[in-house]
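# Coordinate inspection notes
Listed here are the chains, written in short residue letters.
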Amino acid sequence: MRDHKGLNEIASIIRKEIVTMIHGAKSGHPGGSLSAVEILTALYFDEMNIDPTNPKMEDRDRFILSKGHAAPVLYATLAERGFFDRNELLGFRKFGTILQGHPDMNKVPGVEMSTGSLGQGFSVACGMAMGSKIDNAPWNVYALLGDGEIQEGIVWEAAMSAAHYKLDNLIVFLDHNGLQIDGNIEDVMNVNPIEGKFKSFGWNVITIDGHDYDQIFAALDIAKDTVGKPTMIIAKTIKGKGVSFMENQAGWHGNAPSDSELKQALLDLGGACRE
């Protein structure tokens, strides 16, 4: 039985770190970082074969944050998992620090791919999974896509390739909060039916509540048992999850909270994470 209480406590810390670091930087992407917390918590604290003391371990599982603008959720998760000192989070988006606005694989321990150009990370994840297959390696590749990201054509080229090469060691989450920087995805550029599209491209598709650990782990178990197909887990989430004034608000895609807003956000999340 997985420790959901422990995972919820970790998720709470990660959310507090996200809003705190974005406030300190006066810039960043809180909405889509907060919506993906349970997904990354499940992967990094239960699912993936990783070792923070040996980030380049040969047989480690790989995770690619394809929607690289959500770097705060990845940074907070890596810090909490022990890949680097949590104090590094205070330097987010500041000159001369390792934590820039998008993940840098050459500077940040635990970052497998520098991402930011939408769809590129997904394509790299497919290539990594193909490499693992060629080498008969035991490791899996996990990736996270965003709603606005799947409006990019490169995503569908990669999806076609992954199915063609039967990359059943590739497990991808779509952080499906229904919003992107310009508003509701159905209004900006309708990508529905998402489930039907990925199925037609030859993927195993599972739709879940992306904030429910039981559903996340059940989907991961199904994905690992699936032979001959990559798996897309469409995780229905809430943009800005946990912060009352950010939830389901497209305007919080890329804005930093003010001093008073940070105070309210931390109250919503149960209090400050640092003394």
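Placed above this text is the structure.
Computed from a prediction, not measured in an experiment: that's the story for all the values here. (Residues numbered from 1 in each chain as written. Predicted model: local features only at pLDDT ≥ 70, side-chain atom pairs only at ≥ 80, totals over all residues. Heavy atoms only, no water.)

To continue, consider the side chain of Thr 226. Looking at the element boundaries, Thr 226 is found in the loop between α9 (213–225) and β7 (231–236). What makes Thr 226 buried here is its relative accessible area of 16%. Here Thr 226 is in contact with Asp 168, Asn 204 and Thr 231, once residues within four sequence places are set aside. (Helix = DSSP H or I, 4+ residues; strand = E, 2+ residues; numbered from the N terminus. Buried < 20%, exposed > 50% of the residue type's maximum accessible area, 1.4 Å probe, protein only. Contact = heavy atoms within 4.5 Å.)

A few words now on the pattern of salt bridges. Summed over all chains, the structure comprises nine salt bridges. Between Arg 15 and Glu 38 there is a salt bridge, with its nearest N and O atoms 2.8 Å apart. Of this pair, Arg 15 sits in helix α1 (residues 4–25) while Glu 38 is found in helix α3 (residues 37–47), placing the two residues 23 residues apart along the sequence. Of the two residues, Arg 15 and Glu 38, both sit in the buried class. In this structure, the salt-bridge partner of Arg 86 is Glu 80, at a minimum N-O distance of 3.9 Å. A single salt-bridge network, built from bridges that share partners, covers Glu 17, Glu 80 and Arg 86. (Salt bridge = Lys/Arg side-chain N within 4 Å of Asp/Glu carboxyl O.)

Closest axis-to-axis distance for the α1/α3 pair is 10 Å, and the angle between their directions is 125°. One way to sum up the angle between α1 and α3 is to call them oblique. In the crossing of α1 with α3, the sense of the turn from one axis to the other is right-handed. Note on element contacts: α3 touches α1 through Val 37, Glu 38, Thr 41 and Phe 45, opposite Leu 7, Ile 10, Ala 11, Ile 14, Arg 15 and Ile 18. Classifying every residue of the contact of α1 with α3 by side-chain character gives seven nonpolar, one polar and two charged. (Axes fitted to C-alpha atoms, helices over the stretch in contact; angles between N-to-C directions. Parallel < 35°, antiparallel > 145°, perpendicular 65-115°, else oblique. Left-handed = near helix turned anticlockwise from the far one by under 90°. Nonpolar A, V, L, I, M, F, W, Y, C, P; charged D, E, K, R; others polar.)

Here we come to the sheet that holds β7. Pairing is parallel in the open sheet, where five strands are placed in the order β1-β2-β3-β7-β6. The open sheet is flanked by β1 (62–65) and β6 (204–209), the only strands paired with a single partner. Neighbour-to-neighbour, the strand axes of the sheet open up by a mean angle of 20°, direction not taken into account. Note that strand β2 (residues 141–146) and strand β3 (residues 170–176) share six bridges and pair parallel. Opposite Leu 145, over in β3, you have Leu 174 as the bridge partner. (Pairing = 2+ DSSP bridges.)

Honestly, that's just the spatial picture; any functional story needs more than this.
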